[in-house]
Amino acid sequence: MGTAEEKPTTGIEYECISCKEKVTAEQLAITPEIKCPICGYRVLKKVRPQIVKHIKSR
Ligand SMILES: [Zn+2]
């Protein structure tokens, strides 16, 4: 109701340095090893999803 529990893995995205495809942590969790599900490349870099904040200041 009032509490919102967020797992630390949610919202984390990885980017394949080979095909530049964005891969979510959930997609990576499917395979036992870290690799791109699209091209199979094993080097992914962690990227932060862009969070757009609108801060009202007055
Ligand atoms: Zn890839």
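The rules behind the values
- Residues numbered from 1 in each chain as written.
- Predicted model: local features only at pLDDT ≥ 70, side-chain atom pairs only at ≥ 80, totals over all residues.
- Heavy atoms only, no water.
- Helix = DSSP H or I, 4+ residues; strand = E, 2+ residues; numbered from the N terminus.
- Buried < 20%, exposed > 50% of the residue type's maximum accessible area, 1.4 Å probe, protein only.
- Contact = heavy atoms within 4.5 Å.
- Areas by Shrake-Rupley, 256 points an atom, 1.4 Å probe, with all protein chains shown as cover.
- Salt bridge = Lys/Arg side-chain N within 4 Å of Asp/Glu carboxyl O.
- Patch = residues over 30% accessible without salt bridge, like charges linked within 9 Å, V, L, I, M, F, W, Y side chains within 5 Å.
- Donors = N, O, S within 2.8 Å, 3.2 Å for Na, K, Ca; no water.
- Tetrahedral: all angles 85-135°; square planar, octahedral: opposite > 155°, others 65-115°.

Colleague: When you look at the overall build of the protein chain in this model, what are you seeing that I'm missing?
Modeller: A tally of regular secondary structure across the protein chain gives one helix and three strands. Traced from its N-terminal end to its C-terminal end, the protein chain shows the element sequence β-β-α-β. In the protein chain, which comprises 58 residues, the share counted as buried stands at 16%. Within the protein chain, counting contacts between residues at least 6 apart in sequence, those at least 24 apart form 37% of the total. With an accessible surface of roughly 5,500 Å², the protein chain has 52% of that area assigned to carbon and sulfur atoms.

Colleague: What am I meant to see in the pattern of salt bridges here?
Modeller: Opposite charge on two side chains makes pairing possible when the charged atoms of those side chains draw close. Inspection of every chain in the model, using the stated rule, returns two salt bridges. When the shortest N-O distance is used, the salt bridge between Lys 35 and Glu 33 registers 3.8 Å. Under the relative-accessibility criterion, Glu 33 is labelled partly exposed at 33%. Ionic pairing is found between Glu 33 and Arg 42, a salt bridge with its closest N-O pair at 3.7 Å.

Colleague: Can you walk me through a nonpolar patch on the surface in this structure?
Modeller: The grouping of Ile 17, Tyr 41 and Val 43 at the surface amounts to a nonpolar patch, some 240 Å² of accessible area in total. Tracing the chain through its elements places Tyr 41 in the loop between helix H1 (25–30) and strand S3 (44–47).

Colleague: Sorry, what's going on with the environment of Tyr 14 here?
Modeller: Structurally, the position occupied by Tyr 14 is in strand S1 (residues 13–16). With a relative accessible area of 18%, Tyr 14 lands in the buried category. The sequence separation of Tyr 14 and Cys 36 amounts to 22 residues, and the corresponding C-alpha distance is 9.0 Å. Beyond its immediate sequence surroundings of up to four residues, Tyr 14 is in contact with Glu 21, Lys 22, Val 23, Ala 25, Leu 28, Leu 44, Lys 45, Lys 46 and Val 47.

Colleague: Honestly, the coordination of the zinc ion in this entry has me stumped. Any pointers?
Modeller: Bound to the zinc ion on the protein side are Cys 16 (SG), Cys 19 (SG), Cys 36 (SG) and Cys 39 (SG), at distances that span 2.3 to 2.4 Å. Around the zinc ion, the four donor atoms sit at angles spanning 104 to 116 degrees, and that spread fits a shape best called tetrahedral. Between the donor residues of the zinc ion, the gaps in sequence give the motif C-x2-C-x16-C-x2-C. Assessed through its relative accessible area of 38%, Cys 39 is described here as partly exposed.

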